[in-house]
Every structure is written in C-alpha cells, then in structure tokens.
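What the coordinates show
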Amino acid sequence: MAEPHVHPIRVYYEDTDAGGVVFYANYLRFAERARTEMMRGAGFESSRLQAEHGIALAVRSCTALFLKPAVLDDWLEIHTRIMEVGGASLRAEQIVRRGDEDLVRMEIHLACMRLTGGPGRLPADLRARFKDISE
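A short tour of the structure in this document, coming up.

What counts and how
- Residues numbered from 1 in each chain as written.
- Predicted model: local features only at pLDDT ≥ 70, side-chain atom pairs only at ≥ 80, totals over all residues.
- Heavy atoms only, no water.
- Helix = DSSP H or I, 4+ residues; strand = E, 2+ residues; numbered from the N terminus.
- Rg over C-alpha atoms; globule rule 2.2 N^0.38 Å.
- Buried < 20%, exposed > 50% of the residue type's maximum accessible area, 1.4 Å probe, protein only.
- Contact = heavy atoms within 4.5 Å.
- Areas by Shrake-Rupley, 256 points an atom, 1.4 Å probe, with all protein chains shown as cover.
- Lys, Arg positive; Asp, Glu negative; His and termini not counted.
- Charge placed at Lys NZ, Arg CZ, Asp CG, Glu CD.

So, about the overall build of the protein. Along the backbone of the protein there are three helices and five strands. Ordered by position in the sequence, the α and β elements of the protein form the string β-α-α-β-β-β-β-α. What you see for the protein is a C-alpha radius of gyration of 15 Å, in line with the 14 Å of a compact globule of 135 residues. The principal-axis extent of the C-alpha atoms belonging to the protein is close to 45 × 30 × 25 Å. Counting every position in the protein, which comprises 135 residues, the buried fraction comes to 36%. Taking all contacts inside the protein whose residues are at least 6 apart in sequence as the whole, residues at least 24 apart take part in 67%. Of the roughly 7500 Å² of accessible surface on the protein, 51% is carried by carbon and sulfur atoms. Mean positive and mean negative side-chain charge positions of the protein (18 and 20 charges, respectively) differ by 6 Å.

Spelled out as structure tokens, the structure:
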C-alpha cells in the first residue's frame with residue numbers, strides 16, 4: 001500500500017472552543033484542506049477539474065472516530081490515503097495525528113459531480129493517477 005500524503009496544520013485560536021480544544025467540526029475542515037493538497041500534489045487542482053472537465057468532488061459520506069483532543073498551538077499532521085477508486089467515486093482514509101498519536105480517524109467517500117448538476121465520471125487520467133497513489 002502506498003505511503004499516505006501528509007499535510008501539516010497548526011491549531012489556531014479560531015479552531016478551538018472556549019476551553020482551547022479543537023471544535024469537532026474543524027477536523028472536517030482540516031481533512032478537506034489535506035485532500036485538496038493531496039490532489040494538487042497529484043496534479044489535479046480543484047479549479048482545473050472544474051475548468052477542464054466540468055466536475056467537482058463532493059463528500060458523499062464521512063465517518064469520524066474521535067480518539068483524543070487536539071488543543072491550541074498543537075502541530076498536527078493529516079495523513080490521507082486513497083483506499084478505493086471507482087468510476088465516479090473515491091474512498092479515502094484520513095488520520096489526524098499529533099506526533100505518533102492518532103487523534104481522529106475518518107473514512108471519507110467522495111462522489112464525482114458535474115457542475116451542471118447530477119453525477120459525473122472521473123476522467124480516466126484522474127482515475128489512473130488515484131489508482132497509482134493508492135497501490
């Protein structure tokens with residue numbers, strides 16, 4: 001299995017609740033940023049997918065297991081691994097880590113959507129590249 005894409009994130013005050021703990025919904029924002037950077041690294045910026053292919057990837061489902069909290073000023077890494085590639089969908093595992101501690105484990109299902117509405121297909125080059133980085 002391929003190495004995951006790793007995206008670093010610092011926890012800022014705006015990411016926390018009144019107690020200085022990361023608000024649970026912000027982990028979804030962290031995961032979105034990490035997936036975006038993974039795609040950019042693979043050569044598929046969201047703007048390019050929209051302009052050249054008329055598609056976007058939308059979250060179809062997300063399961064999150066919250067194990068330990070992150071707090072203000074923590075240095076985190078979001079590890080993203082593509083687990084499955086379909087004709088119109090992707091399944092990814094994302095783990096938020098602080099050092100070697102797993103804080104949050106997520107499974108994300110992404111669906112390909114046409115900008116004009118309705119489901120779309122992943123372009124063959126994108127599908128092949130995601131398969132390459134998932135193996």
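This part is about the environment of A124. Note that A124 resides in helix α3 (residues 124-134). With a relative accessible area of 51%, A124 lands in the exposed category. Between the C-alpha atoms of A124 and G99, which are 25 residues apart in sequence, the distance is 36 Å.

The next thing to look at is the environment of P4. Relative to the helices and strands, P4 resides in the segment before β1 (5-10). Distance in space between the C-alpha atoms of P4 and E93 is 9.1 Å, their sequence separation being 89 residues. Residue contacts for P4: discarding those within four places in its chain leaves H79, T80 and R81.

This part covers unusual backbone geometry. Even without being glycine, D73 reaches a positive phi, approximately 75 degrees. Residue position: D73 is located in the loop between β2 (55-66) and β3 (75-85).

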